[in-house]
Amino acid sequence: MDDSHKLLIDIAAASDLSVLEQYRVSALGKSGSITALLKALGSMDPATRSTEGPKVHALREAVGAALASRKEALETADLDRKLATETLDLTLPEPDQPAGSVHPISQVMDELAEIFADLGFAVAEGPEIESQWYNFSALNMPENHPARAMQDTFYLERQEGEDEAKVLRTHTSPVQIRTMESNPPPLRIIAPGRVYRSDSDATHTPMFHQIEGLVIDRAIHMGHLKWTLETFLKAFFERDDIAIRMRPSYFPFTEPSAEVDVGWSVERGRRVVGGQEGWMEVLGSGMVHPRVIANCGLDPAEWQGFAFGTGVDRLAMLKYGMDDLRAFFDADLRWLKHYGFRFLDVPTLSGGVGA
Ligand code: DAH
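All values reported here derive from a predicted model rather than from experimental measurement.

### So, the pairing of strand E6 (residues 244-251)
Consideration 1: As paired elements, E6 and strand E7 (residues 254-267) share seven bridges and run antiparallel to each other. Residue Met246 lies in a different strand from E7, and its bridge partner there is Val260.
Consideration 2: Hairpin connection between E6 and E7: a loop of two residues separates the two successive antiparallel strands.

This is how it looks when you write it as structure tokens:
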């Protein structure tokens, strides 16, 4: 057993983990020396096996133990070396690296989701490339309906196999239809997202953001709509003196329809939301048109609801005091640094959603 004695000495002196692994394979691997001895036991006569067996097994144990203890020693030495050479001073100030910021639109979307989640609304989504059925027809805007011309729609080229060209959705209202189709009522959702219209000036960009709200239940009326919008606007602008005014209006997908104005006042020379010195329009809303409810396969005699829609970019501008919408999409680092939010500024109702 001289060889095995030498093996034990080699293992104890192995200089690193890869050398140690070679010794393990040469002894205990598939074609290792000890593996061969173990195999040989099978072909011995019982008398020889009873004397040789314990020796071979003892050797295997000894080699296994030597490997384990050398491995631990090498690993400990390795760790000690790292601890001695690598340092991290946790008391040093945070390195001054360029930090990204959360875009005001993302921040406002998070604020809206937080406010509406507290009122029991889930967040729903739909595609930005939408069929004309969802974007228009199901919302009670059949072909040739004048409302289709009101929105400067981007049409895609009609693809083979398509009856109709798709459009870039012009509003988030199609998510109402998709939600009603795939979820049984009662429903309470908001649908924030990108929308597209061929329009561009200081207050319009071809891509902008809307948020849609939809509630479907039994015995829903406009009082529910008014309370919901008031509660939402108070939470969003973080003021209790929010006044709203509902003006009769027309949207094809609601009946009756109302445009919602919010009161503003002048503070330190700036127009801010709150008070009642003047009014500005912030939302479109109404009771979901019975035809829209029927288009989604629900019985309008049983299910009613309200819906509303508004521009997220506009809400952000009003709340955080920016005046040119185009700056939102310029990716100007100075603007982002000034108006952006730190990623730890997660909106919560208890902390004030705009904290
Ligand atoms: N979809 C409308 C738009 O883009 C906004 C809107 C108005 C949405 C009234 C609604 C609503 O849900 O009830 O101009």
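### Description of the site of the ligand
Consideration 1: By nearness alone, 15 residues border the ligand, and His171, Ser173, Arg197, Gln210 and Glu212 come closest of all.
Consideration 2: The separation between a nitrogen atom of the ligand and a polar side-chain atom of His171 is 2.9 Å.
Consideration 3: Burial of the ligand by the protein amounts to 90% of the accessible area it has alone, namely 360 Å².
Consideration 4: Where the shell around the ligand is concerned, the elements lending two or more residues are strand E5 (207-217), strand E9 (278-288) and strand E10 (304-311).
Consideration 5: Here the shell around the ligand is composed, by residue class, of four nonpolar, nine polar and two charged.

### Some remarks on the packing of aromatic side chains
Consideration 1: Counted by the stated rule, this structure contains eleven aromatic pairs.
Consideration 2: Between Phe236 and Phe237, the aromatic rings sit 4.8 Å apart at their centres with planes inclined by 80°, giving edge-to-face as the arrangement.
Consideration 3: Residue Phe236 is classed as buried on the basis of its relative accessible area of 0%.
Consideration 4: Here Phe251 and Phe253 contribute two aromatic rings whose centre-to-centre distance is 5.9 Å and whose plane-to-plane angle is 20°, an arrangement assigned as stacked.
Consideration 5: By relative accessible area, Phe253 is classed as buried at 11%.
Consideration 6: Members of the aromatic cluster, joined through ring pairs, are Phe116, Phe121, Phe232, Phe236, Phe237, Phe306 and Phe308.

About the criteria used
- Residues numbered from 1 in each chain as written.
- Predicted model: local features only at pLDDT ≥ 70, side-chain atom pairs only at ≥ 80, totals over all residues.
- Heavy atoms only, no water.
- Pairing = 2+ DSSP bridges.
- Helix = DSSP H or I, 4+ residues; strand = E, 2+ residues; numbered from the N terminus.
- Near = heavy atom within 4 Å.
- Polar contact = N/O pair within 3.5 Å; in protein donor to acceptor, adjacent residues only side chain to side chain.
- Areas by Shrake-Rupley, 256 points an atom, 1.4 Å probe, with all protein chains shown as cover.
- Nonpolar A, V, L, I, M, F, W, Y, C, P; charged D, E, K, R; others polar.
- Phe/Tyr/Trp six-rings, centres within 6.5 Å; stacked < 30°, edge-to-face > 60°.
- Buried < 20%, exposed > 50% of the residue type's maximum accessible area, 1.4 Å probe, protein only.

Worth remembering: the numbers are spatial, not functional.
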